[in-house]
Amino acid sequence: MTKMGRFAILVVMATICCGINAEESDLMFAADPPVITINDTDTFQLHCELDKPLEGIVLVMDILKVNESGDVLVARQRMKTTTGDDDRYTAEGHLKSTGDAQPTFLTVIIVDASTSDEGLYKCRVYYMHPTQYKMQHIIASVNFTVEVLPPPTFPPSVTELIEVEVTEKVETTACKCDEIWDEISSLKETLVLENQLLKEEVQKYNESCRVSFSARLTGDSRLFNNKRAPFNDVISNKGHAFNPETSVFVAPCPAQYFFSLTLRSHQNMDSGYVDGYIMANGEEVARTSVFIDQPVANYQSATNGAVVTLDKGQEVSILVKTTSNGKLKSSTYSVFSGFYLYP
């Protein structure tokens, strides 16, 4: 069994077909591998062996391919090992004799296997009975299968595509290198100029938008209801977006701005509230408020602020609403301020 340990073995209990005293012997016949796939494996082996000696003299051992038109000899072991007409076959074998330790076997290796090799194979042993002097034989068979695996197909790699494209262009188009360099130089000059113009536009935009101001009341102003507060004493007015004559800020650019308001009021022996509204584009965004419920002399300050998003040309001003008599205090007590934040 040393030669058959690595095979998927088909063991056939074959009965002697002729003679007076029939006997049984193990004739082992196997294909290794039993199934192959074309384009993956192209070699297989057929091995036939007598597991125990026959009572008689073994004359010949054949391996045959079974076809509809008749059996075709693959290999034969007699006095020497021979193969059929196909040069893809190589074989070795041995017929056991008296006192010989080596078993009777025949092995065939078939290379470049194809679908024509698929089918039924049989191993046949002829021997002479020692007392009856009649020719006997035993047979074992095995199926061998061939599967066809289509050859793999791979899409062309990016490198191959690039190489093909470059090769085609080289073959069909002459290099106009001077024209290419002139075009590159022209493009470089255009990009440098456009970049410089863009920088100038950005800088110009930033300078025109980066405005800030602070303004206060020129003097004490009598409390009035639902009227714009006259912040016409300018402390600072970078970019001149604030108009002291109208006390209105006009946004030079669409952006975010911050505004703050501080109001100090004097309610002269009169109760009520004094509110200051930061009005952006006609809408209230923040409010200062003071209130007294007793008719006494009262000084109070209030401060508030807000970040406001404005489009270009939108206005911000201060609206005062009150139910009390008195004054708004001027000087540094009441201040309206604002400045640009971000685009």
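The structure under discussion appears in the preceding block.
So, here is what we can say about the structure in this document. Here the structure is a predicted model, which means the values were calculated and not measured.

The next thing to look at is the overall build of the protein chain. Helix and strand counts for the protein chain come out as 2 helices and 24 strands. Burial statistics for the protein chain: of 343 residues in total, 36% are counted as buried. Partitioning the intrachain contacts of the protein chain with sequence separation of at least 6 by distance along the chain shows that 65% fall at a separation of at least 24. As presented, the protein chain carries roughly 20,400 Å² of accessible surface, and 52% of it is formed by carbon and sulfur atoms.

On to the state of the cysteines. One pass over the full model with this rule turns up 2 disulfides. Here Cys-48 is linked by a disulfide to Cys-123, with a sulfur-sulfur distance of 1.8 Å. Between Cys-48 and Cys-123, the S-S torsion sits near -90°, and that sign places the bridge as left-handed. Taken together, the positions of Cys-48 in strand E4 (residues 44–50) and Cys-123 in strand E10 (residues 119–128) put the pair 75 residues apart, joining distant regions of the chain. Judged by relative accessible area, which is 0%, Cys-123 ranks as buried.

So, on to a nonpolar patch on the surface. Taken together, the side chains of Ile-57, Leu-59 and Met-135 present a nonpolar region at the surface, about 270 Å² in accessible area. A relative accessible area of 31% places Leu-59 in the partly exposed class.

On to the nonpolar core, then. Within the largest apolar cluster, 34 residues are counted, with the highest numbers of intra-cluster contacts made by Phe-231, Phe-249, Tyr-257, Phe-259, Leu-310 and Phe-336. In terms of residues, this core owes the most to one element, strand E18 (residues 255–267), which gives 5 residues. Setting aside anything within four residues of it in sequence, one finds Phe-259 in contact with Phe-213, Phe-249, Ile-278, Asn-304, Gly-305, Ala-306, Val-308, Leu-310, Val-316, Phe-336, Ser-337 and Gly-338.

Hydrogen bonds between backbone atoms are what pair the strands of a sheet, whose relative direction is either parallel or antiparallel. Strands sit in the order E3-E11-E10-E5-E6-E7 across an open sheet of 6 strands; the sheet is mixed. Two strands close off the open sheet at either side, each with one partner strand: strand E3 (35–38) and strand E7 (81–83). When the angles between neighbouring strand axes are averaged without regard to direction, this sheet yields 20°.

Quick look at the side chain of Arg-124 now. Summarising the element assignment, Arg-124 is placed in strand E10. Exposure remark for Arg-124: the relative accessible area of 16% places this residue in the buried category. A distance of 3.5 Å separates polar atoms of two side chains, one belonging to Arg-124 and the other to Tyr-126. Not counting residues within four places of it along the chain, the set of residues in contact with Arg-124 comprises Val-60, Met-61, Asp-62, Leu-64, His-137, Ile-138 and Ile-139.

A separate point is the side chain of Thr-104. Relative to the helices and strands, Thr-104 is located in the loop between strand E8 (89–94) and strand E9 (105–110). From its side chain, Thr-104 meets the backbone nitrogen of Lys-96 in a polar contact 2.8 Å long. Apart from residues lying up to four places away in sequence, Thr-104 is in contact with Cys-48, Glu-49, Leu-50, Val-58, Met-61, His-94, Leu-95 and Lys-96.

The rules behind these values
- Residues numbered from 1 in each chain as written.
- Predicted model: local features only at pLDDT ≥ 70, side-chain atom pairs only at ≥ 80, totals over all residues.
- Heavy atoms only, no water.
- Helix = DSSP H or I, 4+ residues; strand = E, 2+ residues; numbered from the N terminus.
- Buried < 20%, exposed > 50% of the residue type's maximum accessible area, 1.4 Å probe, protein only.
- Contact = heavy atoms within 4.5 Å.
- Areas by Shrake-Rupley, 256 points an atom, 1.4 Å probe, with all protein chains shown as cover.
- Disulfide = S-S within 2.5 Å.
- Patch = residues over 30% accessible without salt bridge, like charges linked within 9 Å, V, L, I, M, F, W, Y side chains within 5 Å.
- Salt bridge = Lys/Arg side-chain N within 4 Å of Asp/Glu carboxyl O.
- Core = buried A, V, L, I, M, F, W, Y, C linked by side-chain atoms within 4.5 Å.
- Pairing = 2+ DSSP bridges.
- Axes fitted to C-alpha atoms, helices over the stretch in contact; angles between N-to-C directions.
- Polar contact = N/O pair within 3.5 Å; in protein donor to acceptor, adjacent residues only side chain to side chain.

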